[in-house]
Amino acid sequence: MDYVYSILIGLGLSLILLLAPIFTGIFGHRMWLFYVALAIYVPFIDFDLPVLPYVIVSAFASFFLFQINDKYSQTSAMSDAPEWAARCQASYLYLVIGSYVVSWFIA
């Protein structure tokens, strides 16, 4: 049951990543810092659940959402929001994996 809860947390993080174009449309490039901070902090959250499932689910979601936003920003975007959303999601992808590896040595 712990893994199910962990996957649900990963889906919740994926929802935050899904809303990146809306947030970047409202707040602009400042949202990049939020996604960087989120990616660094996520592996260190202590829910007494396995960390790997929600890191993997949110990393896969950020990769697929990055592909969607990157393609949209190159083809038919009317603002910079999809481009910044793609940057936020790509940064999240690499930093959450790196932060998870660092959490092995710290925790």
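What counts and what doesn't
Residues numbered from 1 in each chain as written. Predicted model: local features only at pLDDT ≥ 70, side-chain atom pairs only at ≥ 80, totals over all residues. Heavy atoms only, no water. Helix = DSSP H or I, 4+ residues; strand = E, 2+ residues; numbered from the N terminus. Rg over C-alpha atoms; globule rule 2.2 N^0.38 Å. Buried < 20%, exposed > 50% of the residue type's maximum accessible area, 1.4 Å probe, protein only. Contact = heavy atoms within 4.5 Å. Areas by Shrake-Rupley, 256 points an atom, 1.4 Å probe, with all protein chains shown as cover. Salt bridge = Lys/Arg side-chain N within 4 Å of Asp/Glu carboxyl O. Axes fitted to C-alpha atoms, helices over the stretch in contact; angles between N-to-C directions. Parallel < 35°, antiparallel > 145°, perpendicular 65-115°, else oblique. Left-handed = near helix turned anticlockwise from the far one by under 90°. Nonpolar A, V, L, I, M, F, W, Y, C, P; charged D, E, K, R; others polar.

A. Looking closely at the overall build of the chain. Helix and strand counts for the chain come out as five helices and zero strands. Starting at the N terminus, the α and β elements of the chain follow one another as α-α-α-α-α. Against the compact-globule benchmark of 13 Å for 107 residues, the chain has a radius of gyration of 14 Å, which places it among compact chains. Across its three principal axes, the chain shows a C-alpha extent of roughly 45 × 25 × 20 Å. Put simply, the chain has 107 residues, and 36% of those count as buried. Pairs at least 24 residues apart make up 76% of the contacts formed inside the chain by residues separated by at least 6 positions. Carbon together with sulfur atoms contributes 72% to the accessible area of the chain, which is approximately 6,500 Å² in total.

B. Just the pattern of salt bridges, in detail. A complete count under the given rule lists one salt bridge for this structure. Across the pair glutamate 83 and arginine 87 runs a salt bridge, and its minimum N-O distance is 2.5 Å. Residue glutamate 83 and its partner arginine 87 are located together in helix H5 (residues 81-106), separated by four residues, close to a single helical turn.

C. Inspection of the packing of helix H2 (residues 20-27) against H5 at higher detail. At a minimum axis distance of 8 Å, the contact between H2 and H5 shows a crossing angle of 120°. By the angle class used here, H2 and H5 are oblique. Viewed along their axes, H2 and H5 form a crossing whose handedness is right-handed. In contact with Ala20, Pro21, Thr24 and Gly25 of H2, H5 contributes Ala81, Trp84, Ala85, Cys88 and Gln89. Residue classes in the contact of H2 with H5 are distributed as six nonpolar, three polar and no charged.

D. Up close: the environment of leucine 11. Within the secondary structure, leucine 11 is located in helix H1 (residues 2-18). What makes leucine 11 partly exposed here is its relative accessible area of 47%. Along the chain, leucine 11 and methionine 1 lie 10 residues apart, while their C-alpha atoms are 15 Å from each other.

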